[in-house]
Amino acid sequence: MRRIFAPRAVALIYRLFMMNLRALPAFLALSSLLAGCIGENEDILFVEPRIEAPTADVKAGVLGATMTGSFTLKLVLGPRASGPSTVQLGAVAITDAPNQQSIVSGFSLISTQPFPVTVQPDSEVTIDFELDETISQETADTVCLPAGVRIAGTIQDSLEVGATSVASDVFKPTGCP
């Protein structure tokens, strides 16, 4: 019977394997430290929108209802982005809680900054919005459903093809019966 490996070759392979096995904990510790060096926004290559602090107040009137409200739009761009982004605001609507159906759309918004907005790499832009809209009583009843509503919309980021959707967390409007 012929030997496939000489005893010295087997010993060499075993030593290399054991050396690599001993180096494994150091390698894992080093890789976890390096992973910790990546910042919170490090991997954001396109503008990441967030809608925060949504509010809505519904007041019944003679010819329907009035809905007022506000929200904050935060636009974040990480340091690895290829350059600054020009952001356009798309459609904004009040949707049902699952964000499947628009309840109020096409309303006018007053913002603290005009669009388009430029977002530089490794920065965040915050824009406050206010709305004041007359709606039908039927729409007011839908806005006041117990499940709550969301403010949802889209932005167009010059660094990305296509629109980016964004929606707030579910909230309950005030002034509802």
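Look above for the structure.
To keep things clear, this report deals only with the structure shown in the data block. (Residues numbered from 1 in each chain as written. Predicted model: local features only at pLDDT ≥ 70, side-chain atom pairs only at ≥ 80, totals over all residues. Heavy atoms only, no water.)

## A word on the nonpolar core
Stage number 1. Among the nonpolar cores identified, the biggest contains 32 residues, and Met67, Leu75 and Val104 are the most heavily contacted of them.
Stage number 2. Within the residue set of this core, elements represented by two or more residues are strand S1 (48–61), strand S2 (64–77), strand S3 (85–96), strand S4 (102–105), strand S6 (117–119), strand S7 (123–135), helix H2 (137–143) and strand S8 (149–157).
Stage number 3. Looking at this core element by element, the count peaks at 6 residues for S2.
Stage number 4. In this structure, Val104 is in contact with Met67, Ala93, Ile94, Ile135, Thr139 and Val143, ignoring residues within four places of it in sequence. (Core = buried A, V, L, I, M, F, W, Y, C linked by side-chain atoms within 4.5 Å. Buried < 20%, exposed > 50% of the residue type's maximum accessible area, 1.4 Å probe, protein only. Helix = DSSP H or I, 4+ residues; strand = E, 2+ residues; numbered from the N terminus. Contact = heavy atoms within 4.5 Å.)

## Overview of empty space enclosed by the protein
Stage number 1. A complete count under the given rule lists 1 cavity of 30 Å³ or more for this structure.
Stage number 2. Of the voids in this model, the largest cavity is the one considered here, and its volume is about 40 Å³.
Stage number 3. What lines the largest cavity is Ile51, Phe71, Leu73, Leu89, Val92, Gly153, Thr154, Ile155 and Val166.
Stage number 4. If you list the elements that add at least two residues to the lining of the largest cavity, you get S2, S3 and S8.
Stage number 5. Top element by residues in the lining of the largest cavity is S8. It accounts for 3 residues. (1 Å grid on protein atoms, 1.4 Å probe; cavity = no way out; pocket = protein on both sides within 12 Å on 5 of 7 lines; lining within 4 Å. Points joined across faces, edges and corners; volume = space filled by probe spheres on them.)

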